[in-house]
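Survey of secondary and tertiary structure
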Amino acid sequence: MATLQTIRSKGPLVVIVIGLALFAFIAGDAWKVLQPHQGKQDVGEVNGEKLSTLDYQKMVDELSEVIKLTNGLNSLSEEQLNNVKDQVWQNYVNNQLIAEQAEKLGLTVTDAEIQAIIDQGTHPLLMQTPFRNPQTGMFDKDMLQKFLVDYANLGTSQMPAQYTEYYQKMGAFWMFIEKTLRQSTLAEKYQNLITKSLISNPVAAEDAFKARTEQSDLLLAGIPYSSINDSTVEVSDDEIKKLYNEKKEQFKQLAETRDIHYIDVKVVPSDADRAAVKQEVTEYSNQLDKTNSDYATFIRSTGSSVAYSDVPVNKSVLPSDIAARLDSTGLNEVYGPYYYQSDDSYNAFKVLAKVSVPDSIQFRQIQVYADTEDKTKTLADSIYNALKGGADFEKVAKIYGQTGEATWVNARSWEGAEMDADNTKFINTLINQPKNELANLTVGQTHLILQVMDKKSMQTKYKVAVIKCPVEFSKETYNSAYNKFSQFVAQNTTLEDLQKNAEENGYTLLPRKDLSSAEHYVGGVKSTGDVMRWIFSAKPNEVSPLYECGENDHMMVVALDKVHKTGYRDINSVAATLKNEIIRDKKAEKILANMQGVNSLDKVKAMEGAVSDSIKHVTFSASAYISVAHASEPVIGAAASKTEVGKVSTPIKGNAGVYMIQVYAKDKGTEKFDAKQEESSLASMLSRPVANQIFGDLYQKANVTDQRYLFF
């Protein structure tokens, strides 16, 4: 149980698993796989290697179990599952890309290398496992080895069912860790190969050092492009076409996207619905006042969003509106009913206890199990009596394959979590047990011989029965909204109809450009998988049927506007961006022409629309932020580094205007130049963008297809 607690305390494990697995260079109800569409069985393809729905599901299930185990969760939310799906897909793609290159280069990871990593025990991933020495906190390969032996002997042991299930989960957990170690090690080898191919030299190192450390203080004056009205600048179609051809590679699209318009109707409670919830909570509060026992059952019957806990908790884990009213409420007094606007709920609560209890508890235990319940009880009683008679706790624990070492547990590990009767009994025993006394505790089919060693940080905590009922719409309210929207959808069957009639019918038609099939939601609304499937099977100007989505509180209709196929974006879809760039360049040309012959900042300031500023600590390597132009200007740092103190620069074309600067001070800083260190830093700095570019090229050549949206 202590090991399980250790696992659950390691929420960051998942971040490390995903972070170490491979380079993250590709942006990108209960879990189930939908029935295959039109005979398609694959969720995607990389380098000609297809990934089946079943294999993808297995990988998602595997990572889901790791997350649940490390976070002590029974299930994952829809958002968490979507994150898992994306992580699994990205890792699969990256693995396939690296595997192909590794095979060509002869890169492998042997069993001996994995064992060496385990023996060394310093890999960050190993440090996040439960196999750590409780005294040093370091990874303990002997603990791992003992577990693996026990795991291998599962079929021949007489272990109780709940322990067998635990060992099976832990076995799957370790296999995931070992697989991830192998994948991350191969990725590290490939990354190191790329990194080692990037070298610097003393000249480049010195330039990089100066660019980073030499600073300039300067005065600036300039004319922002915004001072010239766009309408005064003419741009022809030929100019747009020419710029498009020059920058065509920037508009290459690796995955198909679609432009849509949609109406999202969120059903909200009516006044009658609110009155009904208020009346219901009023009745519950009267019943709560008369209730003296079995609060868990009563609170459950009210449908409260806050489950009852029979363990005293810090008020910080309670809803903020409850916590704010606790100290003004007497013991066994009911507060409410009252309305809380922030979560749109009606509430009442009863303070059952206000006690001072430890926030941290040190304890040790011996888990006792045998073939039968009777044998387990007999053995537990024997161990308990032996300890009461003076037997050494740790020596007895080791007889039964346990350390018996003391461990600290903090109230954060249980406060706010839903607990069953056994866990509640266990925690309350820890809280109430006097120091150094023994307890023989029955937990399910096992016994725990428990001894509390120390208690720290005594705090005031509460037992509170909370009725919190969010205001929800009734079936009648939903049906009314559905009938109205259904009629509107039936009468408006084209995008043009929706654009013309939505507003006068009380609906808002929202645009969304470049929707990708890799996304999980339309308009941020949950459970819109069916909507996504329709969008990527529809033709332009088609209007979808009415979809019920969200958490049974949204309705949606979608019209498909445009389809952007894989390849180069159509010139019309980027024409506005290109036009703005041409307008900016023409404004710059006009301003530069007006600045001809200008040789002082005062003359620039005298020009129409001019702005001025004073900027300090400008370096070559960092963009200068020009507050008066509300823009970041990399070119200012470059110009400042080449401008002598006291001199005025020539006009400088920037992102948001044309400027002239006058440097009045320069500082080389106090940092000493170290050629070797600077060369190493420069190579390291270059490695990431180069690696990203390499992987980007590999991704394009791999003909990656992602059609998960059809099934998940």
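With respect to unusual backbone geometry
In this model, G336 is joined to P337 through a cis peptide bond whose omega is 10°. Residue position: P337 is located in strand β6 (residues 334–340). The backbone of N552 sits at a positive phi, close to 60°, despite the residue not being glycine. Its place among the elements puts N552 in the loop between β12 (547–549) and β13 (554–564). Using a relative accessible area of 64% as the deciding quantity, one classes N552 as exposed. Backbone geometry at N703 places phi at a positive 50°, although glycine is not the residue there. Summarising the element assignment, N703 is placed in the loop between α22 (675–701) and β20 (705–706).

Examining the sheet that holds strand β5 (residues 257–266)
In spatial order, the strands read β11-β5-β13-β12; together these four strands make up an open sheet with antiparallel pairing. Of all the strands in the sheet, the pair left with one neighbour each is β11 (510–516) and β12. The average undirected angle you get between the axes of adjacent strands in this sheet is 40°. Sheet analysis places β5 next to β13, joined by 10 bridges and oriented antiparallel. Within β13, the position partnered with D264 by the bridge is M556. Contacts from helix α16 (residues 475–491) reach β5, β12 and β13, with the element oriented near 30° to β13.

Observations concerning the packing of helix α10 (residues 271–290) against helix α11 (residues 295–302)
Two elements in contact, α10 and α11, have axes separated by 11 Å at closest approach and are oriented at 175°. When the interaxial angle is binned, α10 and α11 end up roughly antiparallel. Residue-level contacts link Y284, Q287 and L288 of α10 to Y295, F298, S301 and T302 of α11.

Let's talk about the confidence of the model for the protein chain
The predicted model of the protein chain averages 89 in pLDDT, with 93% of residues at 70 or higher. Long-range and interchain partners of residues 1–39, a stretch whose pLDDT sits below 50, account for 103 contacts in this model, where long-range means more than four residues apart.

Some thoughts on the sheet that holds strand β3 (residues 215–224)
In spatial order, the strands read β15-β3-β19-β18; together these four strands make up an open sheet with antiparallel pairing. A single partner strand is all that each edge strand has here, and the edge strands are β15 (611–618) and β18 (652–653). Where β3 lies against β15, six bridges are found, and the strand directions are antiparallel. Counted as the bridge partner of L219 is S614 from β15. Docked against the sheet, helix α19 (residues 571–594) engages β3, β18 and β19 (657–667), running at close to 65° with respect to β19.

What counts and what doesn't
Residues numbered from 1 in each chain as written. Predicted model: local features only at pLDDT ≥ 70, side-chain atom pairs only at ≥ 80, totals over all residues. Heavy atoms only, no water. Helix = DSSP H or I, 4+ residues; strand = E, 2+ residues; numbered from the N terminus. Buried < 20%, exposed > 50% of the residue type's maximum accessible area, 1.4 Å probe, protein only. Pairing = 2+ DSSP bridges. Axes fitted to C-alpha atoms, helices over the stretch in contact; angles between N-to-C directions. Contact = heavy atoms within 4.5 Å. Parallel < 35°, antiparallel > 145°, perpendicular 65-115°, else oblique. pLDDT = per-residue confidence, 0-100.

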